[in-house]
Amino acid sequence: MAKPASPPPRRIATALAGLAAVLILAAIAIVPRLMQMNETSAATIGGPFTLIDTTGKTVTDADYRGKLMLIYFGYTFCPDVCPTSLGTMAQALDQLTPAERAQVVPIFITVDPERDSFDQLAQYVGNFAPDLIGLTGSREQINAVETEYHVYARKAEGSGPNYTMDHSSIFYLMGRDGQFVGHYASGAAPKDLAAGLRKAL
Ligand code: NI
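Keep in mind the model is a prediction, meaning the values are calculated, not measured.

**Student:** So what's going on with the overall build of the protein? Which residues, and what values?
**Tutor:** Each helix and strand in the protein was counted, giving six helices and nine strands. Taken across its 201 residues, the protein has 39% of its residues classed as buried.

**Student:** Describe the environment of Asp61, with residues and values.
**Tutor:** Mapped onto the fold, Asp61 is located in the loop between strand S2 (58–60) and strand S3 (68–74). For Asp61, a relative accessible area of 9% translates into the label buried. Each C-alpha atom, one on Asp61 and one on Gly178, is 7.1 Å from the other, the two residues being 117 residues apart in sequence. Residues in contact with Asp61, not counting those within four places in the same chain, are Gly47, Pro48, Phe49 and Met69. Of the polar contacts made by the side chain of Asp61, one reaches the backbone nitrogen of Phe49; its length is 2.9 Å.

**Student:** Before we move on, could you go through the nonpolar core and cite the residues and values that matter?
**Tutor:** Among the nonpolar cores identified, the biggest contains 45 residues, and Phe49, Ile71, Phe73, Ile109 and Tyr149 are the most heavily contacted of them. For this core, the secondary structure elements donating two or more residues are S3, helix H2 (81–94), strand S4 (104–110), helix H4 (118–126), helix H5 (139–148), strand S8 (170–174) and helix H6 (190–200). Broken down by element, this core gets its largest block of residues, six residues, from S3. In this structure, Tyr149 is in contact with Ile45, Gly46, Gly47, Phe49, Met69, Ile71, Phe73, Tyr172 and Met174, ignoring residues within four places of it in sequence.

**Student:** Quick rundown of the pairing of S8? Include the residues and the values.
**Tutor:** Every regular strand shows the same layout, with side chains that alternate between the two sheet faces. Counting buried positions along S8 gives four out of five residues, so the element sits mostly inside the fold. Across four bridges, S3 lies against S8 in antiparallel orientation. Counted as the bridge partner of Tyr72 is Phe171 from S8. Bridge count for S8 against strand S9 (residues 180–185) is five bridges, and the pairing is antiparallel. Bridging from a neighbouring strand, Phe171 pairs with Tyr184 of S9. Between S8 and S9, which follow one another and run antiparallel, lie five residues, and Gly178 among them has a positive phi close to 85 degrees.

**Student:** Tell me about the environment of Gln123, and please be specific about residues and values.
**Tutor:** By the secondary structure assignment, Gln123 is in helix H4. Taking the C-alpha atoms as reference, Gln123 lies 9.4 Å from Thr76; in sequence the two are 47 residues apart.

**Student:** Describe the environment of Arg139, listing the residues and the values that go with them.
**Tutor:** When you line up the elements, Arg139 lands in helix H5. Exposure remark for Arg139: the relative accessible area of 26% places this residue in the partly exposed category. When residues no more than four places from it in sequence are discounted, the contact partners of Arg139 are Val111, Asp112, Pro113, Glu114 and Glu146. At 3.1 Å, the side chain of Arg139 forms a polar contact with the backbone oxygen of Val111.

**Student:** Please set out the coordination of the nickel ion residue by residue, giving values where relevant.
**Tutor:** Coordination sphere of the nickel ion, protein contribution only: Cys78 (SG), Cys82 (SG) and His167 (NE2), at 2.0 to 2.2 Å. Each donor residue of the nickel ion lies on one chain, and together they are spaced C-x3-C-x84-H. Here His167 lies in strand S7 (residues 165–167) and Cys78 lies in the loop between S3 and H2, a separation of 89 residues in the sequence. The residues Cys78 and His167 share a single accessibility class, namely buried.

Rules used throughout
- Every chain is numbered independently, its residues counted from 1 as its sequence is written.
- Reporting in this predicted model follows two pLDDT cut-offs: at least 70 for local features of residues, and 80 or more for side-chain atom pairs to be given and counted; totals over whole chains, interfaces and linings ignore these cut-offs and use all residues.
- Remark: hydrogens and water are excluded; side-chain values derive from all non-hydrogen atoms of the structure.
- Each helix is a run of DSSP H or I of at least 4 residues and each strand a run of E of at least 2, with the numbering of both proceeding from the N terminus.
- Only protein chains enter the accessibility calculation, which uses a 1.4 Å probe; a residue whose area is less than 20% of its type maximum is buried, one above 50% is exposed, and one in between is partly exposed.
- What makes two residues a contact is simply this: any of their non-hydrogen atoms within 4.5 Å.
- Any N or O atom pair separated by 3.5 Å or less is treated as a polar contact, with the protein-specific requirement of one donor-capable and one acceptor-capable atom, and with residues adjacent in sequence counted only for side-chain atom pairs.
- For this analysis, a nonpolar core means a set of buried residues of the types Ala, Val, Leu, Ile, Met, Phe, Trp, Tyr and Cys, connected via side-chain atoms within 4.5 Å.
- For two strands to count as paired, DSSP must find a minimum of two bridges between them.
- Only nitrogen, oxygen and sulfur atoms within 2.8 Å of the metal, or 3.2 Å for Na, K and Ca, are treated as donors, and water is left out, so sites may look incomplete.

This is the structure in structure tokens:
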């Protein structure tokens, strides 16, 4: 009588153990890569943008290479957060020496291009700093730059033309090469923002 082959339950157990080993090895290979991806995405705040300045001229991020960009996203009809934040930005810039100041480009990008006309935007940024650049664009261009900077912005309360917007309120500091250097909460003290700018110069 022939000896029976190993019983089926045993074979199933062996197959399952083999499968488990493969899954564990796969996990060991994949997890570090996922962690790396997270680090990469944190480091890729910012990126190329194409927008329109208040004179109607198309500009890109490359136009500001060689200088630091200090970028804030908001909208001119914002009742409180944006004016306060831009005031902080202006105070921080005032703390730099003229030589330092000349190497920083402050930029305000509207998240509300439907209402922020060129004139509206030009007048608004002029209230804070003479060289604060106001940028707008098509809805598609604004969506693209919001995505690159991980900006949250959406219509909130109000109907018709009188809506307000919820939006993230962060200063982005970008280096001379256009790469992300750091970010500051809009509630940061002007002196801390100035110190950050100086360090990045
Ligand atoms: Ni605002």
